Structure formats: C-alpha cells, structure tokens
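# A closer look at the structure
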Amino acid sequence: MTLIETVGLCQKYGEHDILRDVNLKVEPGETLALIGPTGAGKTTLLRLLNLLDIPASGRLYFDNADVSRASKARQEARRRMAFVLQKPVVFNSSVYDNVACGLKWRGVMGADLRTKVDPVLETVGLSVCRDRNARTLSGGETQRVAIARAIVLEPELLLLDEPTANLDPVSASKIEELIAGIIRQRQSTVIMATHDRSHGERLADRMAVLMNGELTQVGKSKDIFASPGSRDIAEFVGAENIIGGVIIASDDGLATIDAGGRLIEAISDYPDGEEVYACVRPENIILSISASHDSERNSFSGEIASVASMGPLCRIEVDCGFPLVALVTKRSAGELVLEKGKTVHAAFKATSVHVIRRQG
Amino acid sequence: MNEIWQGLIKAVELIVSFDQEVMEIAGRSLVIAVTSLGLAALVCLPLGGLIHARQFRGKKTLVTLIQTLYSIPTVVIGLFVFLLLSRAGPLGGLNLLFTPTAMVIGQALLVAPILLGLTISALSGVDGLLPDTARSLGANGFQTSLVVLKEARFAVMAAVVLAFGRAISEVGVAIMVGGNILGYTRVMPTAISLETGKGDLALSMALGMILLFIALIINFGLNRIQQG
C-alpha cells in the first residue's frame, strides 16, 4: 500500500528543468528524509507533493487517486496533509488563532477547537504564549507555531521543509526533539527535506537523495552512507576520501585498485580494467605512528598535510600519494602528537571501501 | 475679527440646536459620499486583488497609470461625467445630470484610482509566502483571499478612509454634476463655497466644523481598530 506516489514527475521554471523524472513511493507511517544540497529541487518536490504547484509533466497519486491535475481532488487531498514551509510565515494574530486556523477552515468551531488546539500548544511548549501575537515570537518559537499549526490537523502526510534551517543550534536541537517526538507518537507519514544529512539520518526510516533535480538514490540511511550510488552522493554524504583508480585484479570479490601507483584493496564485483572511485569515510581510517594494524588490508604512510579542530574531533589530512582525510579524537591526536609534517601510517579495511563505477 | 467670532458662536449654536438645514446638508453629504465609496470599493477592492495576484504584460504601466490618477483634478472628473450625462452625451437619456445619482457616479470615479492603487500597494506589502501557507494548511481559494485581505486590512482601511475623505470634501464634481440645488444636491463643500460667497460665515463654519468632526471620528475609529 502506498500513500503518495510520483511517476515521472517533472517540473520546470521557464526553460529550466528543476525536477526530472522523479519516481518515489512512500508507505503510510513511514518517515522519509529528502536529502540533497541547496538548490537540488527539494522544496520544488515538496510543493508538488503538497499540491501547491502543478507539475510540468508526470503523475502524482495520493491514496491511489490521481491528483496531478483535477482541482477538486487536489483540494480534498491537500486537506489530508500539512506542509511546514522552510521559512515559516505566521499570520498577524494570536498564537492560538494561528494554530486553530487550519481547523477553522475545515469547519471545526467552539469547544471542539479548544479541545484540539490546547493539547498541541502544550506539546510544542507554547501554552504560555497562547494569547501573544505570533509575530512577536522568536525564530524557534515561530517554527514551533508552524509545526503546531500542521500537527493539530492530524494530517495523514506531514511535509517538512528544512525544519531546523535558519535556527541557532539550541533551537534547532529543540525542534529536532519535537519532530522526533511527533514521529514516535503519531502515526502520520512524514516527508522531510533537509540538507543536513545527519539530521535526516537521525529521524528517518529511509532517505531519498535528490541531486540536480534527479532522485539519484533511495534506501535505508545506513546503506546510502555506506554505499553511495555516485561520486556526487558520496561527496554529499560525507565520504571525503574519493580516490580515482582502475581495478587491476579481482579475486573472489576482493579487488585491487591502482590509484596512481598506490594499490587499494576493496570488496567489489567490478571486472578488471573498470575505472572506479574508492570511497572511504574519514571515521574508518586509523592513524598510527608505526604500521602495526594486522586486520587492515590497506596501509599507507604519508606526511600530515593539515590538522584542523572540529569540536571534540581533529580532521587530519595525510598525503599518501593521494590525499586521505581521517577523523581522530582530540585526545588521540594529542597522544600521538599529530602535527603538520609528521609521518604517519593511515590504515583501513577492505570492507570500509565502497567502490563506485566511474560514469561518463 | 468680531464678525468671525460672531460667526463661530452662531455656528456652534446651529450645530448644538441641530439646525434643520445644517443637518440635512450634512446628512446628504454623508449619504452621497458613503454610497460612492461603497460602489467604488465593491469594484476596486476585488479588482485590486486580481491585479495584484495576476502577472500580465503592462502590469507596471497600469499601476503607474492608476497612481497618476490619484491626483486627477475633481473638475476634470466633473467635466467627464457632465459630458457623459448631458443631453448630448451617451448617457443623456437617463436624465441623471444634476441629481444625487450623478454626484455618486462622479465621486465613485474620483476615488476609484485611490482605492484601486492603494489596495494593490497594501496587498504587495503582504508576505508572498502567506497564500501558500494558508493553502498548505487546507484553505480553499476564497479562504486564502480572505487571509491575504485580513493581513493587509490596516493598509486597505487607510485607503478606504483616504478615499472617503476625498469624496466628502470635494467640490468640483458636486458642483458640476450636482448643480448645488438647495434641498436636493447641496452638500457640505458646495454649501460652504456658496455661503462664504454670500457672506453667511456662520453656516459655512458650522458645516466646516461638522466636516472636521467627521474626519476626527473616522480617524479615531481607525486608530482604535489598529490598536485593538
């Protein structure tokens, strides 16, 4: 059973293709994170899913009904969903009236209205601001009004566009907690666009990667992070080490990749002679002063090119003939005295390498 | 100076005693101004919304043209309506010249550019994401329009008040197509003009005070609404 489905969905603004051939199915009760860089077309896709815009071509089905064009069916379907826009706009009225507006448009009045709105205000922690004009709220509070306004409708499909964008870290964390709670407690299906891949990873059952208007990969977040389908996806999901090479030998699923004279062993079924990228996540690289890691099939010595602090971690770039980035804890970096110019050994397992075929 | 002082005292007496002539002229002024305003608003507010919402070629030129007409001289509108309604004019057969109806038509035409232009400006001030927000929460087309209008309500109300002020205080149209006929088309501005010419300062001042009082009441009401 599918709640919402797109078939060959395309959207254009003028002559520009914003979305191309998007095919997506979302099951009831599922949380899907739509990830991709800024400008990938996430908002455009959400607007089409919320039936705010008409697609240039393609079909859109909501609860098995074709809602691509027919206006009456679109209005009815739209009332079964709610969309929190990236830049929430609140109406020039009280917080209560803002949250109640969607229900009023559906004909809910009087005591019924209060019975529905007050608990939601409590959930989002805005009961104390109930009678305040929503325009006087902070950014985080405004975002909470926008979320409350949507969830009070008990939508079958909740669409969220970058719900933590433009917020300070504390507010963003509170909003994320709130969304996590909503996903846990309510049975609604959620589609959430985010350029913050870790945000999507924490909240979603599945991820869909949107790149340049095309849906390039859909799957479980751990699969996308471990096995990105293309170099662009690998870059976006944080596989900082993307090393170009050619498979020169393969034996029983273990391939040897020639990366400019350095040999990398990886698990791959690609044949000899295939041009590939070997992707290794920085957190899977182990740095040591001496080459002593037995289980790692790949070990390279090189000079540290740069050391950068990233909160509790250090990002170390090692020149091994190709640049290799590793993440180590600050404590380890201190113990190993990892400094620029020092020679270290970088090691990683063959199973930590994800091999992508080079296209074009 | 003494004459002015005497006139002022008499003017207050005329107002306090609810002088029949003063009240009749004031009442007629109000009815004609409110009717013309209502007529113009009925057309211009939705039309302003439509012009704001639609994208079409020449939209900017049209808005500039509307804004230019804010300051059109009342006598030019008076002349236009006169030509329209005079016996030789295209609507001469309706025999509307020198009637309150003619004044209503003239004043409605006079205030239409103000209502139209300021409605477009008021709606332009509303966040472009507001209609989408309303629709995304399930509002239909009519409910979305109401939301946008409600957001722009203070600016639209200011436009209506400004238009009312122009309608009730203008002389040109009222004289040219109303004729300033006693007991029929005489309104406050035309009466003030005539009575001042005749030297009856008391009546002019009484009517002037009433005009100011109406303006005061309307502005007071508008401020209360905005604060509330």
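The notes below deal with the structure included here.

### Points about the overall build of chain A
The number of helices and strands found in chain A is 10 helices and 20 strands. Seen along its three principal axes, the alpha-carbon backbone of chain A occupies a region of about 75 × 45 × 35 Å. Scored against the burial criterion, the 360 residues of chain A give a buried share of 51%. In chain A, once contacts between residues fewer than 6 apart in sequence are set aside, the share between residues at least 24 apart is 64%. Here chain A has roughly 16200 Å² of accessible surface; of this, 48% comes from carbon and sulfur atoms. Within chain A, one finds 42 positive and 47 negative side-chain charges whose respective centroids are separated by 8 Å.

### Things to note about the side chain of A:Ser94
All names here are of chain A. For serine 94, the location among the structural elements is in the loop between strand S6 (81-84) and helix H3 (95-105). The exposure class of serine 94 is buried, given its relative accessible area of 15%. In this view, serine 94 contacts Arg130, Asp131, Arg132, Asn133 and Ala134; residues no more than four positions away in its chain are not counted.

### What about the nonpolar core?
Residues and elements named next belong to chain A. By size, the foremost hydrophobic cluster in this structure holds 64 residues, and its most contacted members are Phe91, Val95, Val99, Trp105, Val117, Ile147 and Leu158. Element by element, the count of residues in this core is highest for H3, at 7 residues. With residues near it in sequence (within four places) discarded, isoleucine 147 still touches Val84, Ile175, Leu178, Ile179 and Ile182.

### Considerations on the packing of helix H1 (residues 2-16) of chain B against helix H11 (residues 201-227) of chain B
Residue and element names in this part refer to chain B. Following both chains from N to C, one finds H1 and H11 inclined at 60 degrees, their axes separated by 7 Å at the closest point. The orientation of H1 relative to H11 falls into the category oblique. Taken as a pair, H1 and H11 cross one another with a handedness that is right-handed. From H1, Glu3, Ile4, Gly7, Leu8, Lys10, Ala11, Val12, Leu14 and Ile15 reach across to H11, where they touch Leu201, Ala202, Leu203, Met205, Ala206, Met209 and Ile210. Across the contact of H1 with H11, the residue classes tally to 13 nonpolar, 1 polar and 2 charged.

### A few points about the sheet that holds strand S5 (residues 65-66) of chain A
Residues and elements named next belong to chain A. In spatial order, the strands read S2-S1-S4-S5; together these 4 strands make up an open sheet with antiparallel pairing. Strand pairing shows two members of the sheet lacking a second neighbour, strand S2 (16-26) and S5, which therefore form its edges. Across 5 bridges, strand S1 (residues 4-13) lies against strand S4 (residues 57-62) in antiparallel orientation. When the sheet's bridge partners are listed, isoleucine 4 is paired in S4 with phenylalanine 62.

### Some words on helix H7 (residues 141-151) of chain B
Among the residues of H7(B), those classed as buried are B:Gln143, B:Thr144, B:Val147, B:Val148 and B:Glu151. All buried residues of H7(B) lie within an arc of 140 degrees about the axis, which places them on one face of the element. For H7(B), the exposed residues set more than 90 degrees away from the buried face come down to B:Gly141 and B:Phe142. Residues of H7(B) that are buried sit in contact with H3 of chain A together with helix H5 (100-124), helix H6 (129-136) and helix H8 (153-169) of chain B. Between the side-chain oxygen of the N-cap and the backbone nitrogen of B:Phe142 there are 3.2 Å, and the N-cap of H7(B) in question is B:Asn140.

### Here we look at the pattern of salt bridges
Any two side chains of opposite charge can pair, so long as their charged atoms come close to each other. Residue and element names in this part refer to chain A. Summed over all chains, the structure comprises 26 salt bridges over all chains. The partner of glutamate 30 in a salt bridge is arginine 206, and the shortest N-O contact between them spans 2.3 Å. Remark: arginine 206 occurs in strand S9 (residues 206-211) and glutamate 30 occurs in the loop between S2 and strand S3 (31-35); sequence separation between them is 176 residues. Arginine 80 is the salt-bridge partner of aspartate 63, the closest N and O atoms lying 2.7 Å from each other. Of this pair, aspartate 63 sits in the loop between S4 and S5 while arginine 80 sits in the loop between helix H2 (71-78) and S6, placing them 17 residues apart in sequence. Residue aspartate 63 is classed as partly exposed on the basis of its relative accessible area, which comes to 28%.

### So, the interface of chain A and chain B
Taken residue by residue, the interface counts 24 residues in chain A and 16 residues in chain B. Overall, the association of chain A and chain B removes approximately 1700 Å² of surface from exposure, summing both partners, and the carbon and sulfur fraction of that is 55%. It is A:Val89, A:Phe91 and A:Trp105 in chain A that bury the most area against chain B; as a group they hold 33% of the surface buried on that side. One salt bridge in this structure joins A:Arg47 and B:Asp132, with 2.8 Å as the shortest N-O distance. Where chain A packs against chain B, one counts 11 residue pairs in polar contact (both at pLDDT 80 or more). Of all elements in the fold, only H2, S6, H3 and helix H5 (139-151) of chain A reach the threshold of two or more residues within the side of chain A that touches chain B.

### Re the packing of aromatic side chains
Residues and elements named next belong to chain A. Taken as a whole, this structure holds 4 aromatic pairs over all chains when the rule is applied. Pairing phenylalanine 91 with tryptophan 105 gives two aromatic rings, centres 6.1 Å apart and planes at 75 degrees, and the pair type is edge-to-face. Note that phenylalanine 91 is positioned in the loop between S6 and H3 and tryptophan 105 in helix H3, a separation of 14 residues in sequence. For tryptophan 105, a relative accessible area of 13% corresponds to the buried category. Each ring, one from phenylalanine 300 and one from phenylalanine 348, has its centre 5.9 Å from the other, and the planes form 35 degrees; the classification is tilted. One end of the pair, phenylalanine 300, is in strand S16 (residues 298-310); the other, phenylalanine 348, is in strand S19 (residues 343-348), and 48 residues separate them in sequence. The same class applies to phenylalanine 300 as to phenylalanine 348, namely buried.

### Quick notes on H1(B)
All names here are of chain B. Over its 15 residues, H1 extends 21 Å from the first C-alpha to the last, a length consistent with the 21 Å expected when each residue adds 1.5 Å. If you check which residues of H1 are buried, you get Gly7, Ala11 and Leu14. End-on, the buried residues of H1 take up no more than an arc of 60 degrees, which puts them together on one face. Among the exposed residues of H1, those oriented more than 90 degrees off its buried face are Asn2, Trp5 and Val16. Where H1 is buried, its residues contact helix H2 (20-53) and H11. Two residues or fewer after H1 comes phenylalanine 18, characterised by a positive phi angle close to 50 degrees.

Cut-offs applied
- Residues numbered from 1 in each chain as written.
- Chains lettered and ligands numbered in written order.
- Predicted model: local features only at pLDDT ≥ 70, side-chain atom pairs only at ≥ 80, totals over all residues.
- Heavy atoms only, no water.
- Helix = DSSP H or I, 4+ residues; strand = E, 2+ residues; numbered from the N terminus.
- Buried < 20%, exposed > 50% of the residue type's maximum accessible area, 1.4 Å probe, protein only.
- Contact = heavy atoms within 4.5 Å.
- Areas by Shrake-Rupley, 256 points an atom, 1.4 Å probe, with all protein chains shown as cover.
- Lys, Arg positive; Asp, Glu negative; His and termini not counted.
- Charge placed at Lys NZ, Arg CZ, Asp CG, Glu CD.
- Core = buried A, V, L, I, M, F, W, Y, C linked by side-chain atoms within 4.5 Å.
- Axes fitted to C-alpha atoms, helices over the stretch in contact; angles between N-to-C directions.
- Parallel < 35°, antiparallel > 145°, perpendicular 65-115°, else oblique.
- Left-handed = near helix turned anticlockwise from the far one by under 90°.
- Nonpolar A, V, L, I, M, F, W, Y, C, P; charged D, E, K, R; others polar.
- Pairing = 2+ DSSP bridges.
- Arc of directions from axis to C-beta.
- Polar contact = N/O pair within 3.5 Å; in protein donor to acceptor, adjacent residues only side chain to side chain.
- Salt bridge = Lys/Arg side-chain N within 4 Å of Asp/Glu carboxyl O.
- Buried area = accessible area lost by both parts, 1.4 Å probe.
- Phe/Tyr/Trp six-rings, centres within 6.5 Å; stacked < 30°, edge-to-face > 60°.
- Expected span 1.5 Å × (residues − 1).

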